[in-house]
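# Summary of structural features
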Amino acid sequence: MADCIFCAMQRGEIPFVEVFSNNNLFAFMDIGPLNHGHILIVPKKHYANMFEVPVELGGELLETMQALGRGVMEATGAGGLNVVQNNFAPSGQAVFHVHWHLIPRFEGDGLLKWTPGKYDSNEQMQALAELIRKAVK
Ligand code: 5GP
Ligand code: ZN
């Protein structure tokens, strides 16, 4: 896709530091790492978000996440790893070519904290669960 930076990288138009590449996927150092060693895994074909990715790619994607996740942890000495994948702008997606963030985590690094909310009642949660079950196709 012409105006996509991850497609432009593959055409050699934007420099990047690669850590992995095969027929379907490539991975490189994130230019704005949340922690040093933060990488992105990206399908070579342009899919805007998770919902466009063919399910057939799922096995290879997981295998690659496991291999690269182990590599990131070993190389950085991280004790943990977050896998993050944003879909659509409200989620924080900024590059609309689907990608998985692998972020090494260190005890006490203070990253990715969130404040848990709560439902007003069990009924409210049950009603929403029912709406979700009905909406799943
Ligand atoms: P998103 O918010 O879409 O899930 O994440 C986009 C990620 O792409 C960000 O973490 C950002 O740092 C990274 N990124 C954006 N532009 C470039 C670039 O030109 N090179 C590299 N290596 N990473 C980029
Ligand atoms: Zn693209």
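Residues numbered from 1 in each chain as written. Chains lettered and ligands numbered in written order. Predicted model: local features only at pLDDT ≥ 70, side-chain atom pairs only at ≥ 80, totals over all residues. Heavy atoms only, no water.

## So, the packing of aromatic side chains
Tallied over the full model, the rule gives 5 aromatic pairs. Between phenylalanine 6 and phenylalanine 28, the ring centres sit 5.4 Å apart and the planes meet at 70°, which makes this aromatic pair edge-to-face. Remark: phenylalanine 28 occurs in strand β2 (residues 25–29) and phenylalanine 6 occurs in helix α1 (residues 5–10); sequence separation between them is 22 residues. Just as phenylalanine 6 is buried, phenylalanine 28 falls in that class too. On the numbers, 5.7 Å between centres and 75° between planes, the contact of phenylalanine 16 with phenylalanine 26 is edge-to-face. Within this pair, whereas phenylalanine 16 is found in the loop between α1 and β1 (18–21), its partner phenylalanine 26 is found in strand β2, the two being separated by 10 residues in sequence. The exposure class assigned to phenylalanine 16 is partly exposed, which follows from its relative accessible area of 28%. Here the aromatic cluster, defined as three or more aromatic residues joined through ring pairs, consists of Phe6, Phe16, Phe26 and Phe28. (Phe/Tyr/Trp six-rings, centres within 6.5 Å; stacked < 30°, edge-to-face > 60°. Helix = DSSP H or I, 4+ residues; strand = E, 2+ residues; numbered from the N terminus. Buried < 20%, exposed > 50% of the residue type's maximum accessible area, 1.4 Å probe, protein only.)

## Structural notes on the coordination of the zinc ion (ligand 2)
Around the zinc ion (ligand 2), the protein contributes the donor atoms Cys4 (SG), Cys7 (SG), His46 (ND1) and His97 (ND1), which lie 2.1 to 2.3 Å from the metal centre. Coordination geometry of the zinc ion (ligand 2): the 4 donor atoms subtend angles of 104 to 118° at the metal centre, consistent with an arrangement described as tetrahedral. In primary sequence terms, the donor set of the zinc ion (ligand 2) follows C-x2-C-x38-H-x50-H. Linking histidine 46 in the loop between β3 (39–43) and α2 (58–76) with histidine 97 in the loop between β4 (80–84) and β5 (100–105), this pair joins segments that are 51 residues apart in sequence. By relative accessible area, which is 0% here, histidine 97 ends up buried. (Donors = N, O, S within 2.8 Å, 3.2 Å for Na, K, Ca; no water. Tetrahedral: all angles 85-135°; square planar, octahedral: opposite > 155°, others 65-115°.)

## Let's talk about unusual backbone geometry
We note that phenylalanine 88 has phi near 75°; this positive angle belongs to a residue other than glycine. The topology assignment puts phenylalanine 88 in the loop between β4 and β5. On the accessibility criterion, phenylalanine 88 (45% relative accessible area) is partly exposed. Notably, leucine 112 is not glycine yet its phi reads approximately 50°, a positive angle. Within the element layout of this structure, leucine 112 appears in the loop between β5 and α3 (122–135).

## Some remarks on the pattern of salt bridges
The full count for this structure, using the stated rule, is 4 salt bridges. For aspartate 109, the salt bridge is made with arginine 105, and the minimal N-O distance between the two is 2.8 Å. The exposure class of arginine 105 is buried, given its relative accessible area of 19%. A salt bridge links glutamate 130 to lysine 134, with the shortest nitrogen-to-oxygen separation between them at 3.9 Å. In this pair, glutamate 130 and lysine 134 are both assigned in helix α3, 4 residues apart and thus about one turn of the helix distant. Overall, lysine 134 belongs to the exposed group, its relative accessible area being 64%. (Salt bridge = Lys/Arg side-chain N within 4 Å of Asp/Glu carboxyl O.)

## Examining the side chain of threonine 64
Note on placement: threonine 64 falls in helix α2. On the basis of relative accessible area, threonine 64 is assigned to the buried category, the value being 6%. Here glutamate 60 takes part through its backbone oxygen, which lies 2.8 Å from a polar atom of the side chain of threonine 64. Beyond its immediate sequence surroundings of up to four residues, threonine 64 is in contact with Phe20, Leu25, Ile41 and Gly69. (Polar contact = N/O pair within 3.5 Å; in protein donor to acceptor, adjacent residues only side chain to side chain. Contact = heavy atoms within 4.5 Å.)

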